[in-house]
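Results of the structural survey
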Amino acid sequence: MTHDHPDTPAPAASRPFGRVLTAMVTPLHADGSLDLDGAARLANHLVDEQGNDALVVNGTTGESPTTTDAEKERLIRAVVEAVGDRAKVVAGVGTNDTRHTIELAAAAEKAGAHGLLVVTPYYNKPPQAGLLRHFTAVADASGLPVMLYDIPHRAGVPIETETLVRLAEHGRIVAVKDAKGDLTATSWVTSRTGLAFYSGEDSLTLPALAVGSVGVVGTSTHFTGVQTQQMIQAYDAGDTATALALHRRLLPLYTGIFRTQGTILVKAGLAAKGLPAGPVRPPLVDATAEQLAQLRADCAAAGLDLPE
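Predicted model only: the values in this text are computed from it and were never measured.

1. Notes on the nonpolar core
By size, the foremost hydrophobic cluster in this structure holds 57 residues, and its most contacted members are Met-24, Val-79, Val-83 and Leu-148. Setting aside chain neighbours within four positions, we find Met-24 in contact with Ala-39, Leu-42, Ala-43, Leu-46, Leu-55, Val-56, Val-57, Thr-61, Gly-62, Val-79 and His-222.

2. Overview of the sheet that holds strand E5 (residues 146–150)
The strand order E1-E2-E3-E4-E5-E6-E7-E8 describes a closed barrel built from eight strands, whose pairing is parallel. Sheet twist, expressed as the average angle between the axes of neighbouring strands with direction ignored, equals 25 degrees. Strand contacts of helix H2 (residues 69–83): strand E2 (54–57) and strand E3 (88–92), with the helix running at about 170 degrees to E2, the strand carrying the most contacts.

3. Description of the UniProt feature "site: Part of a proton relay during catalysis" (unreviewed entry) in the chain
Mapped onto this numbering, the UniProt entry annotates "site: Part of a proton relay during catalysis" (unreviewed entry) at Thr-60 and Tyr-123. Checked against the element boundaries, Thr-60 lands in the loop between E2 and H2. Excluding its chain neighbours within four sequence positions, the residues that come into contact with Thr-60 are Tyr-149, Arg-154, Gln-261 and Thr-263. Those residues in contact with Tyr-123, other than ones at most four positions away along the chain, are Asn-96 and Ala-155.

4. Focus on the pattern of salt bridges
For the coordinates displayed, the defined rule picks out eleven salt bridges. Here Arg-19 makes a salt bridge to Asp-236, at a shortest N to O gap of 2.9 Å. Of this pair, Arg-19 sits in the segment before strand E1 (20–23) while Asp-236 sits in helix H9 (residues 221–236); the two residues are 217 residues apart in sequence, bridging distant segments of the chain. With relative accessibility at 36%, the residue Asp-236 sits in the partly exposed group. We note a salt bridge from Lys-180 to Asp-150, for which the minimum N-O separation is 2.9 Å. Taken together, the positions of Lys-180 in the loop between strand E6 (173–178) and helix H7 (183–192) and Asp-150 in strand E5 put the pair 30 residues apart, joining distant regions of the chain.

5. Some details on H7
The complete set of buried residues in H7 reads Ala-185, Thr-186, Val-189 and Thr-190. Axial view of H7: buried residues confined to an arc of 125 degrees, hence all on one face. Taken together, the buried residues of H7 touch helix H6 (161–167), E6 and strand E7 (196–199). Capping the start of H7, Asp-182 holds a side-chain oxygen 3.2 Å from the backbone nitrogen of Thr-184, two or three residues further along.

6. Here's the deal with the UniProt feature "binding site: pyruvate" (unreviewed entry) in the chain
When the UniProt feature table is mapped to this numbering, "binding site: pyruvate" (unreviewed entry) covers Thr-61 and Val-217. Separation in sequence by 157 residues is not matched in space for these annotated residues, since their most distant C-alpha atoms are only 10.9 Å apart. On the basis of relative accessibility, which here comes to 11%, the residue Thr-61 falls in the buried class. Among all residues touching Thr-61, those that are not within four sequence positions of it are Ala-23, Met-24, Val-25, Thr-26, Thr-219, His-222 and Thr-263. Looking at where Val-217 falls in the secondary structure, it is placed in strand E8 (residues 215–218). Among all residues touching Val-217, those that are not within four sequence positions of it are Leu-21, Ala-23, Val-56, Met-147, Lys-177, Tyr-198, Ser-199, Gly-200 and Asp-202.

7. Here's the deal with the packing of aromatic side chains
Any two aromatic rings considered together are summarised by their centre-to-centre distance and by the angle between their planes. Counted by the stated rule, this structure contains one aromatic pair. For the ring pair Phe-17 and Tyr-198, a centre distance of 6.5 Å and an interplane angle of 50 degrees mean the geometry is tilted. Residue Phe-17 is found in the segment before E1, and its partner Tyr-198 is found in strand E7; the two are separated by 181 residues along the sequence. The class of Phe-17 is buried, set by a relative accessible area of 2%. What makes Tyr-198 buried here is its relative accessible area of 0%.

8. As for H9
Within an α-helix, residues lying three or four positions from one another point in the same direction, as the helix has 3.6 residues per turn. Look at H9: only 19 Å from first C-alpha to last across 16 residues, short of the 22 Å you get at 1.5 Å a residue. Roughly 40 degrees is the biggest bend found in H9, and it falls at Gln-227. Of the residues making up H9, those classed as buried are Thr-221, His-222, Phe-223, Thr-224, Gly-225, Gln-227, Thr-228, Gln-229, Met-231, Ile-232 and Ala-234. Considering only its buried residues, H9 is in contact with E1, helix H1 (36–48), helix H8 (205–210), E8, helix H10 (240–256) and helix H11 (262–272). Phi turns positive one or two residues past the end of H9, at Gly-238, with a value near 85 degrees.

The rules behind the values
Residues numbered from 1 in each chain as written. Predicted model: local features only at pLDDT ≥ 70, side-chain atom pairs only at ≥ 80, totals over all residues. Heavy atoms only, no water. Core = buried A, V, L, I, M, F, W, Y, C linked by side-chain atoms within 4.5 Å. Buried < 20%, exposed > 50% of the residue type's maximum accessible area, 1.4 Å probe, protein only. Contact = heavy atoms within 4.5 Å. Pairing = 2+ DSSP bridges. Helix = DSSP H or I, 4+ residues; strand = E, 2+ residues; numbered from the N terminus. Axes fitted to C-alpha atoms, helices over the stretch in contact; angles between N-to-C directions. UniProt positions renumbered as here; feature names shortened; annotations may be inferred. Salt bridge = Lys/Arg side-chain N within 4 Å of Asp/Glu carboxyl O. Arc of directions from axis to C-beta. Polar contact = N/O pair within 3.5 Å; in protein donor to acceptor, adjacent residues only side chain to side chain. Phe/Tyr/Trp six-rings, centres within 6.5 Å; stacked < 30°, edge-to-face > 60°. Expected span 1.5 Å × (residues − 1). Bend = angle between axes of the 7 residues up to and from the residue.

Rendered as structure tokens:
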């Protein structure tokens, strides 16, 4: 594939959802049922204490594979009611069925969400023409701005550069959660479009900024939100030394939160801090004592305290 140099620079990407977003876990009661009061309390904590500009609900970290459509809608309403006046609430609505995704998008819009996160259809591995049609159909059917979620190691297929460039022409497709781990591909898309790229891997946030990304949709940001916000603001201000120092300091937790599936360790860490979390739903399993001890060590290495 050849890449023509653009005659004019790409428009500078705006920050439609701010700098720091957390893919929020879904608090559950001990019996595994939805804890809506806990969700509201956790949302308040993430916005007011952890410096998040926006929250993603019903993402994979929110255990979307195991929550019902009705639970998803109730969760959006609870979080919007809690923080919607001071933070954006982005609803994960992506499935591997275009019709179902459009239904979830309509429900999310009705529930008050400010934006949609739409993941690449997974498992059925559609070709690029199918991805183009899927994402366009969802954006056509909703009045909300759309963040595409490019995560080939889970979905099985990437959203290729040329597909992203074409999708960027849609007025409501405004952002990408970029978990491709390919900064060259990111560079090409940010140089050719105005799409706002958000790193989908906590540890790649700083290098992603260098190639035109604007922020992060994080997992460790349940705990590192304030410092991650400081890192991005330092980079924006041209203070790359401070940004690098923060990146290096936070690296043990940026990576450590994924020693097992991220939701498992986030919920364990929140519980240790006395914050709403609860158990995970099968097929996930709750963290072991050893995993929690390792998480404590990773937090300490990042300069953060996780109570005993």
